[in-house]
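Fold and geometry: a report
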Amino acid sequence: MLYRFFLRGVPFYLARHYWWAYLWKPAIWFFDHQIIINAILFGQYKRLMNTTLDKLAHTNHQRTLQLTCVYGQFTQKLAKLIAPTQLHIMDVCIHQLHVVQRKTQAISPVLPTRMNAETLGYKNDSFTTIVLFFLLHELPTEARQNTLSECMRTLTVGGSLLLTEYGVLPKQHWLYRNKLTRWLITYYEPFLDSFWHDDLTKLLNERGKCFGKKVEVISNTDIFNGFYRVTAYKIYAVK
Ligand SMILES: C[S@@+](CC[C@H](N)C(=O)[O-])C[C@H]1O[C@@H](n2cnc3c(N)ncnc32)[C@H](O)[C@@H]1O
């Protein structure tokens, strides 16, 4: 079993299901080409990135965290948008953090830290903005809930959470209706089906309770007929 070589200090699900995409150096080189990542997102990468950046332009950049690394130009553009403020970025894979350092050093150096999204090393209320770009659907249910909890813990009241993700269960979308494409997508994304059924707002509010916080959707943009979404949440105090 090849994945066992990648188990060093990373969550089991990541090594087991995604070693070939995120942990293996030649794969990191391969996938980090705009043309490849755009193909994986059915040609929607630019729209997803620009919509996310447009929404981020209206958030408080004082302390911004990108929760895990992503392929393509997103991090460079985000680092540039919030410069001279430095972008915090974390990932459990050290190679991903090295790549992001290389990609951003000429634009605006980032503050990379190796850690698990389920148990962040940042203190409560550390960030005014957190952005998650296609992370949640790659996490098993429990890891997803823990990660949302950590977002609620580390965001300040008045802060923003930006989510760029698959939409809700896309029953009417041709990619879902077609059995072959549905099988292919859910084969390579084994946790996507459970993500499709999650109510993220409800989960965030449940998880926020123990930190005295709740969320409200400030804006939502459906992309590719709702197959993807970009959602901005604002964090409020629970009275
Ligand atoms: C953001 S996601 C998917 C990005 C998307 N497919 C893209 O590139 O546009 C991939 C990253 O999440 C990281 N990751 C997955 N689970 C994690 C966890 N529990 N803690 C920290 N990083 C994690 C992986 O190491 C990988 O670098």
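Just above sits the structure.
As a starting point, this report considers the structure included with it. It should be emphasised that the depicted structure is a prediction, and the values quoted were computed from it without experimental measurement. (Residues numbered from 1 in each chain as written. Predicted model: local features only at pLDDT ≥ 70, side-chain atom pairs only at ≥ 80, totals over all residues. Heavy atoms only, no water.)

1. Examining the site of the ligand
The local shell around the ligand holds 22 residues, among which Tyr13, Tyr22, Thr68, Tyr71 and Asp91 are the closest. Aspartate 91 places a side-chain nitrogen or oxygen 2.7 Å from an oxygen atom of the ligand. Alanine 117 is positioned such that a nitrogen or oxygen atom in its backbone is 2.9 Å from a nitrogen atom of the ligand. Within the complex, 97% of the 600 Å² of free accessible area of the ligand lies under protein. The element contributing the most residues to the shell around the ligand is helix α1 (residues 12–23), with three residues. Of the residues assigned to the shell around the ligand, the class counts are 17 nonpolar, three polar and two charged. (Near = heavy atom within 4 Å. Polar contact = N/O pair within 3.5 Å; in protein donor to acceptor, adjacent residues only side chain to side chain. Areas by Shrake-Rupley, 256 points an atom, 1.4 Å probe, with all protein chains shown as cover. Helix = DSSP H or I, 4+ residues; strand = E, 2+ residues; numbered from the N terminus. Nonpolar A, V, L, I, M, F, W, Y, C, P; charged D, E, K, R; others polar.)

2. Topic: the nonpolar core
Formed by 79 residues in total, the largest nonpolar core has its most connected members in Leu67, Phe74, Ile130, Leu132 and Tyr228. If we skip the residues at most four places from it in the chain, tyrosine 228 touches Ile40, Leu41, Phe42, Gln44, Leu48, Phe134, Glu165, Tyr166, Gly167, Thr221, Asp222 and Ile223. (Core = buried A, V, L, I, M, F, W, Y, C linked by side-chain atoms within 4.5 Å. Buried < 20%, exposed > 50% of the residue type's maximum accessible area, 1.4 Å probe, protein only. Contact = heavy atoms within 4.5 Å.)

3. Some points on helix α6 (residues 94–104)
In an α-helix, one turn spans 3.6 residues; hence positions three or four apart end up facing the same way. All of the buried residues along α6 are Gln96, Leu97, Val99, Val100, Lys103 and Thr104. Looking straight down α6, one finds that the buried residues subtend no more than 160° of arc, so they occupy a single side. (Arc of directions from axis to C-beta.)

4. Overview of the sheet that holds strand β3 (residues 111–114)
Hydrogen bonds between backbone groups are what pair the strands of a sheet, and the pairing can be parallel or antiparallel. In space, the seven strands of this open sheet follow the order β3-β2-β1-β4-β5-β7-β6, with mixed pairing throughout. Edge positions in the sheet fall to β3 and β6 (213–223), since each has one partner strand and no second. Along the sheet, successive strands turn relative to each other by an average axial angle of 20°, direction set aside. Across four bridges, strand β2 (residues 88–91) lies against β3 in parallel orientation. Residue pairing for β3: isoleucine 89 is matched across the bridge by proline 112. Running at roughly 140° to β6, helix α4 (residues 45–56) makes contact with β4 (127–133), β5 (155–166), β6 and β7 (228–237) of the sheet. Packing of helix α5 (residues 74–82) onto the sheet brings it into contact with β1 (64–67), β2 and β4, and relative to β1 it is tilted by some 175°. (Pairing = 2+ DSSP bridges. Axes fitted to C-alpha atoms, helices over the stretch in contact; angles between N-to-C directions.)

These figures come from the coordinates and say nothing about function on their own.
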